[in-house]
Amino acid sequence: MQNVPKEWREEQSVGGGRDKDVKPWKGREALFQKNTGNSKQDMSTGKEKKNGEMMNGGGKGMEGTDKESLMMELTRLVQKTVKESSWWERRGIDITILALSFLLLPPAFLLLGSSQALVFVLGMVLMGVSHAVITIKGTHLASHGSLSESTTWADVWAVFFIEVCGSFTARAGVTSHIKMHHAHTNVIGLGDSSTWKIPYLPRGVYLFIAPLAVPVITPLVALGQLKEHSMGQALRTVLMVFLGLYAQYWLLIHVSGFQCLYSTLLCMLLCRAMFSLPYIHVNIFQHIGLPMFSPTRRPKRIYQMTHGVLNLPRNPLLDWIFGHSLINCHVEHHLFPFLSDNMCLKVKPIVSQYLKEKELPYQEDSYLSRLQLFFHKYQELMVFVPSITELVGVQ
Ligand SMILES: [Zn+2]
């Protein structure tokens, strides 16, 4: 982290001063005001709530301008830890995990050539785990440019992980994840996770069956995105996606000894869909059902992220496969999106302690609890338009 990441600069130059004089969070109920309508209704009511200190664009007349911004203070604490960390901690551990997942591939292809059922299943599991680490943890870190300090290499890794391995377009992936989801977390119509909703599917199908089609749907969605790309980018994406899919197919035929087209494609689908269920679950559990904000009255960044993001508990399997930033450090990841998985884990105690000290929310819930919530409140969470929350503040 030799170069000052863009996010640091943005936070200090754009966000700096916005959080000034923010009063501590005095309990969820005291601060939440839920509008029943959608964003249009919110804009039309024109209600002026005395929440300037928590909302962007407000607080200009606040007193005590010497007081440091909460976000800047937290950023300084995190930045200090980042600067004191070695390359191994900042990038090395995560790069090693990704490299190990590639090293799992040769034994996986060889084991898939076995006629013994148990050995064959072991090969499937190895390939499924390897594919998930590469396409979930790898594509996520690559989309954030966290794998290299060089922007050129960051672009190369984004194309490799997102297009070759993930069968999606790097440009659309980075745009939707970085420029929409991270920039506008839980803002209605921008980063409200509505792309994950398929309201016409029954809850059982959405939660437990449809995710299995992710490996098929992903390249099809990518194809649909190509019309927004230049001819050169579209051609590159098609070639890279084809290369990734064909490489696995070719290796299954020539290394594992598959002889039938359909069994080869079925094996590819099963390996690629092995972690699709938790992938979809995690993506909806950590934002949907939490406060959603109006695009015109969005809270300042630290309130937006602490109210609109939730951490799941540590889970050895998901921590490794998805990465800490998608599981138990999602709050930290949204506050500091350029940090690697390992650095998110390292700064977690600092972030959680700071937020608790300042009486800001630090939201955590278990996987099972979220699954039960989404199952029982599926209509409310995944079908109906979410209501807007305004952080009213201590008045
Ligand atoms: Zn992210």
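Residue positions are given per chain, counting from 1 as you read along its sequence in written order. In keeping with the model being predicted, local features are shown solely for residues with a pLDDT of at least 70 and side-chain atom pairs are shown and tallied solely at 80 or more, while totals for entire chains, interfaces and linings include all residues.

(A) Inspection of the overall build of the protein at higher detail. When its secondary structure is counted, the protein shows 20 helices and two strands. Looking at the protein residue by residue over its 395 residues, the buried ones come to 39%. Here contacts are defined at the residue level, using C-beta atoms placed from the backbone and a cut-off of 7 Å between them. A separation of at least 24 residues holds for 72% of the contacts in the protein among residues at least 6 apart in sequence. For helices the rule is a DSSP run of H or I covering at least 4 residues; for strands it is a run of E covering at least 2, with both sets numbered from the N terminus onward. Each residue is classed by its C-beta neighbour count within 10 Å, where at least 20 other C-beta atoms makes it buried, 12 or fewer makes it exposed, and intermediate counts make it partly exposed; the C-beta atoms are placed from backbone geometry.

(B) Summary view of helix α5 (residues 87-103). Bend is the name given here to the angle between axes fitted to two runs of seven residues, the run ending at a residue and the run starting at it. The sharpest bend along α5 comes to roughly 25 degrees, located at Ile93. The complete set of buried residues in α5 reads Arg90, Arg91, Asp94, Ile95, Leu98 and Ser101. In this fold, the buried residues of α5 make contact with α4 (70-84), α7 (117-143) and α18 (341-357).

(C) Molecular detail of the environment of Glu149. Looking at the secondary structure, you find Glu149 in the loop between α7 and α8 (151-165). Judged by the 15 C-beta atoms lying within 10 Å of it, Glu149 falls in the partly exposed class. Separated by 58 residues in the primary sequence, Glu149 and Arg91 have C-alpha atoms spaced 9.6 Å apart.

(D) Molecular detail of the environment of Phe242. As for its position among the elements, Phe242 is in helix α12 (residues 231-254). Sequence separation between Phe242 and Ser167 is 75 residues; the distance between their C-alpha atoms is 7.9 Å.

(E) Structural view of the UniProt feature "transmembrane region" (unreviewed entry) in the protein. UniProt positions are given in the numbering used here, feature names are shortened, and annotations may be inferred rather than shown by experiment. In this numbering, the UniProt entry assigns the feature "transmembrane region" (unreviewed entry) to residues 93-112, 204-222, 234-253 and 260-280. Annotated as residues 93-112, this span is 90% helix and 0% strand, and its ends, taken at the C-alpha atoms, are 29 Å apart. Regarding residues 204-222, the helix share stands at 74% and the strand share at 0%, and the terminal C-alpha atoms are separated by 26 Å.

(F) Main features of the nonpolar core. Of all hydrophobic cores here, the largest spans 41 residues; its most connected members are Ala142, Phe161 and Ile321. If you list the elements that add at least two residues to this core, you get α5, α6 (105-111), α7, α8, α12, α13 (261-273) and α16 (316-322). In terms of residues, this core owes the most to one element, α7, which gives eight residues. Beyond its immediate stretch of four places on either side in the chain, Phe161 contacts Ile134, Gly138, Thr139, Ala142 and Gly166. With 21 residues, the next largest nonpolar core counts Ile302, Val331, Leu339 and Val351 among its residues. We define the nonpolar core as any set of buried residues of the types Ala, Val, Leu, Ile, Met, Phe, Trp, Tyr and Cys, connected via C-beta atoms lying within 7 Å of each other.

(G) View of the environment of Thr175. Mapping Thr175 onto the fold places it in helix α9 (residues 170-182). Residue Thr175 is classed as partly exposed on the basis of its C-beta count, with 15 C-beta atoms lying within 10 Å.

(H) Region of interest: the packing of α7 against α13. To define axes, lines are fitted to C-alpha atoms, for helices over the stretch in contact only, and angles between the resulting N-to-C directions are given on a 0 to 180 degree scale. The geometry of α7 relative to α13 is characterised by a closest axis approach of 7 Å and an angle of 55 degrees between their N-to-C directions. The pairing of α7 with α13 is recorded here as oblique in orientation. Relative to α13, the crossing made by α7 is right-handed. In this structure, α7 uses Met124, Met127, Gly128 and His131 to contact α13, whose residues at the interface are Leu270, Cys271 and Arg272. Angular relationships are summarised with four words: roughly parallel below 35 degrees, roughly antiparallel beyond 145, roughly perpendicular across 65 to 115, and oblique for the angles in between. A clockwise turn of the near helix away from the far one marks a right-handed crossing, whereas an anticlockwise turn of less than a right angle marks a left-handed crossing.

(I) Structural context of the confidence of the model for the protein. When the pLDDT values of the protein are averaged, the result is 83; 81% of them are 70 or greater. pLDDT is a per-residue confidence score from the predictor, ranging from 0 to 100. With pLDDT under 50 throughout, residues 1-33 is counted as low confidence; its partners more than four residues away or in other chains account for 70 contacts. Note that pLDDT drops below 50 for residues 36-53; the model gives that stretch 33 contacts with residues more than four away or on any other chain.

(J) Looking closely at α9. If you check which residues of α9 are buried, you get Ala170, Arg171, Gly173 and His181. In this structure, the buried side of α9 is in contact with α7, α8 and α12.

(K) Just unusual backbone geometry, in detail. Phi at Ser167 takes a positive value of approximately 55 degrees, unusual for a residue other than glycine. Of note, Ser167 is situated in the loop between α8 and α9. We note that Asn186 has phi near 60 degrees; this positive angle belongs to a residue other than glycine. Inspection of the secondary structure puts Asn186 in the loop between α9 and α10 (203-208).

(L) Just the packing of α7 against α8, in detail. Between α7 and α8, whose axes approach to 8 Å, the crossing angle comes to 145 degrees. Pair α7 / α8 crosses with left-handed handedness. Across from Ile134, Thr135, Gly138, Thr139, Ala142 and Ser143 in α7, the residues of α8 making contact are Trp157, Ala158, Phe161, Ile162 and Cys165. A breakdown of the residues in the contact of α7 with α8 according to their chemical character gives seven nonpolar, four polar and no charged. Three classes are used: nonpolar for Ala, Val, Leu, Ile, Met, Phe, Trp, Tyr, Cys and Pro, charged for Asp, Glu, Lys and Arg, and polar for all others, with Gly counted as polar.

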